[in-house]
Amino acid sequence: MSERFADQGLVIIGVHSTRGGENAAEFVQQQGLPYPVAIDIDNKTTSAYHIDGFPDYYLIDRSGKVRVADLANGDVERAVAVLIAEPAPPSIHPALAEASRKAQDKRKRILVFWGAAERQNELLARMNQLPQANRVLSNEFEVVRPDAVAQAELLPLCPSILEERALSVLDAQGNQVAEAIWSELEGPGLEAFLKTHKPQTLDAEQLWAQALKQAQRENKRVLVHLGAPW
Amino acid sequence: MAKDYVLLKIDVERDLHGEEVATKLRGERTGGIPWIVITDANGTELVASDRPTDKGPSNIGCPVSPEERGWFLSMLQQTQQRMAAEGLATIERELAAFAETIRH
């Protein structure tokens, strides 16, 4: 089974009971098991999964959820095949998913507002009052204003600043590009931050020339979409 | 679509020389954006999103209405080199589904 699903992302982890654990390494070696086998110290895993017999099987899906518990021997391969066939979950946090989709479509970046809603509102109001900043904001960024729960979940994205963090710029895939704390955005800092971290400006002449070259190389035609950010 | 076309998005407001390229491709034609043109590999226009009507050519913009979707599909039919009928049918279904999201 490990070979059958090896290229499709199946990871097998064996857990040996506490009892007899001292002989597990020798057994694994003798059997040539092609996956790691851990020893259940103090029956903690057995207890956590409510294991009632050996062997027992538990399947965890790609998003980390236990999907099948206490599986019988004869059903394991079929159940694995069902989970393997499921599409991979999106790797981006749900709070960023829509902005990411739009940002990729329109070659924008994502601007994440941090902190309490009142402070976010103040910052947005300042942006709206600065014509240049407002233009850069609407043309170049998809805005995300996560609630407190989502902010906590997004923390691992941007771990360097905590409560002082005001804005993060992410690329369209959700990777952090830059961040700013509140004091850095005072005065001209806000407009400068947006202008500095907006996506790179592309040269349409170059894009057009590259598209024609590619079309000649691949015997294709060019479909040009003339549009604007709005 | 990638089998037959190199897809190129030009942003007339954000891209450097965006306006120049737009003028080169579109000339004096008007009708708003988005505007779509399909060219051969030398840049010669084959067909554009200006749908023939009783009152003259009219840019379909984002193809939402049945007439607009029909013209967009016609643009592909006229210029495709490899795309099977199945591929066109898939695009037709996707356009119809998109139109539904706009309507609601």
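What counts and what doesn't
Residues take numbers from 1 onward in each chain, read along the sequence in its written order. Naming scheme: in the order in which they are written, chains are lettered from A and ligands are numbered from 1. Owing to the predicted nature of the model, reporting of local features is limited to residues with pLDDT of at least 70; listing and counting of side-chain atom pairs is limited to 80 or more, with chain, interface and lining totals taken over all residues. Side-chain numbers come from the whole structure's heavy atoms, not from hydrogens or water. Only DSSP runs of H or I covering at least 4 residues are called helices, and only runs of E covering at least 2 are called strands; the numbering of each starts at the N terminus. Buried means the residue's accessible area, taken with a 1.4 Å probe over protein chains only, is under 20% of the maximum for its type, while exposed means over 50%, and partly exposed covers the values in between. Contacts are assigned to residue pairs with any non-hydrogen atoms lying within 4.5 Å of each other. Summed over both partners, the accessible area (1.4 Å probe) lost when two parts come together is defined as the buried area. Between Lys or Arg on one side and Asp or Glu on the other, a salt bridge is scored when a side-chain nitrogen of the former is within 4 Å of a carboxyl oxygen of the latter. For the purposes of these results, a polar contact is taken to be a pair of N or O atoms within 3.5 Å, where, inside protein, one atom must be able to donate a hydrogen and its partner to accept one; residues adjacent in sequence count only when each atom of the pair is a side-chain atom. In the scheme used here, Gly and all other residues not listed as nonpolar or charged are polar, with Ala, Val, Leu, Ile, Met, Phe, Trp, Tyr, Cys and Pro taken as nonpolar and Asp, Glu, Lys and Arg as charged. It is the directions from the helix axis to the C-beta atoms whose arc is reported. As a rule, the C-alpha atoms of each element are fitted with a line to give its axis, helices using only the stretch in contact, and angles between N-to-C directions run from 0 to 180 degrees. Here roughly perpendicular refers to angles of 65 to 115 degrees, roughly parallel to angles under 35, roughly antiparallel to angles over 145, and oblique to all remaining angles. The criterion for strand pairing is that DSSP finds at least two bridges linking the strands in question.

**Student:** Could you give an account of the overall build of chain B, with specific residues and numbers?
**Tutor:** Regarding its fold elements, chain B presents 3 helices and 5 strands. The linear arrangement of helices and strands in chain B, starting from the amino end, is β-α-β-β-β-β-α-α. Counting only residues that meet the buried cut, chain B has 40% of its 104 residues in that class.

**Student:** Which residues make up the interface of chain B and chain A, and what values go with them?
**Tutor:** Contacts between the two partners involve 41 residues from chain B, matched on the other side by 33 residues from chain A. Of all residues in chain B, Val6, Leu8 and Arg14 of chain B bury the most surface against chain A, accounting for 23% of the area lost on that side. Counting across the chain B and chain A interface gives 5 salt bridges. When the shortest N-O distance is used, the salt bridge between Lys9 of chain B and Asp105 of chain A registers 2.7 Å. On inspection of chain B and its partner chain A, the count reaches 30 residue pairs in polar contact (both at pLDDT 80 or more). Secondary-structure elements contributing two or more residues to the side of chain B that touches chain A are strand 1 (5-11), helix 1 (18-26), strand 2 (35-39) and helix 2 (66-79) of chain B. Broken down by class, the residue content of the side of chain B that touches chain A amounts to 22 nonpolar, 7 polar and 12 charged.

**Student:** Explain the pattern of salt bridges to me, and be specific about the residues and the numbers.
**Tutor:** Under the defined criterion, the tally for this structure stands at 17 salt bridges over all chains. Between Lys108 of chain A and Glu142 of chain A there is a salt bridge; the shortest N-O distance is 3.5 Å. Taken together, the positions of Lys108 of chain A in the loop between helix 4 (94-106) and strand 5 (109-113) and Glu142 of chain A in strand 6 (residues 141-144) put the pair 34 residues apart, joining distant regions of the chain. Of the two residues, Lys108 of chain A and Glu142 of chain A, both sit in the buried class. Here Arg82 of chain B and Asp4 of chain B are joined by a salt bridge, their closest N and O atoms 3.8 Å apart. Within this pair, whereas Arg82 of chain B is found in the loop between helix 2 and helix 3 (85-103), its partner Asp4 of chain B is found in the segment before strand 1, the two being separated by 78 residues in sequence. Sharing partners across several salt bridges, the network here consists of Asp61, Arg67 and Glu86 of chain A.

**Student:** Outline the environment of Lys9 of chain B, listing residues and values.
**Tutor:** By secondary structure assignment, the location of Lys9 of chain B is in strand 1. Look at Lys9 of chain B and you get partly exposed, because its relative accessible area is 36%. The spatial distance from the C-alpha of Lys9 of chain B to the C-alpha of Ile36 of chain B is 9.4 Å, given a sequence separation of 27 residues. Excluding anything up to four places from it in sequence, Lys9 of chain B contacts Asp105, Arg107, Leu207 and His225 of chain A together with Asp15 of chain B. Among the polar contacts listed, one links the side chain of Lys9 of chain B to the side chain of Asp105 of chain A, at a separation of 2.7 Å.

**Student:** Tell me about helix 3 (residues 76-84) of chain A, and name the residues and values.
**Tutor:** Residues and elements named next belong to chain A. Burial in helix 3 covers these residues: Val76, Ala79, Val80, Leu83 and Ile84. Down the axis of helix 3, the sector holding all buried residues measures 135 degrees, keeping them to one side. Opposite the buried face of helix 3, by more than 90 degrees, sit the exposed residues Arg78 and Val82. Where the residues of helix 3 are buried, they touch strand 3 (59-60) and strand 4 (66-68).

**Student:** Which residues make up the packing of helix 9 (residues 204-218) of chain A against helix 1 of chain B, and what values go with them?
**Tutor:** Helix 1 of chain B packs onto helix 9 of chain A with a crossing angle of 50 degrees between their chain directions and a minimal axis gap of 7 Å. One element, helix 9 of chain A, and the other, helix 1 of chain B, form an angle in the oblique class. Together, Ala204, Glu205 and Trp208 of chain A of helix 9 of chain A and Gly18, Glu20, Val21, Lys24 and Leu25 of chain B of helix 1 of chain B make up the contact between the two elements. Residue composition of the contact of helix 9 of chain A with helix 1 of chain B, by class: 4 nonpolar, 1 polar and 3 charged.

**Student:** Kindly report on the sheet that holds strand 8 (residues 176-181) of chain A, identifying the contributing residues and their values.
**Tutor:** All names here are of chain A. Here 4 strands make up an open sheet; going across it, the order is 6-5-7-8 and the pairing mixed. At either end of the open sheet lies a strand with only one pairing partner, and these are strand 6 and strand 8. Recorded for the sheet is a direction-independent mean angle of 20 degrees between the axes of neighbouring strands. As paired elements, strand 7 (residues 165-170) and strand 8 share 5 bridges and run antiparallel to each other. Looking at the pairing, Leu170 lines up with Gln176 of strand 8.

Keep in mind these values describe shape, not function.
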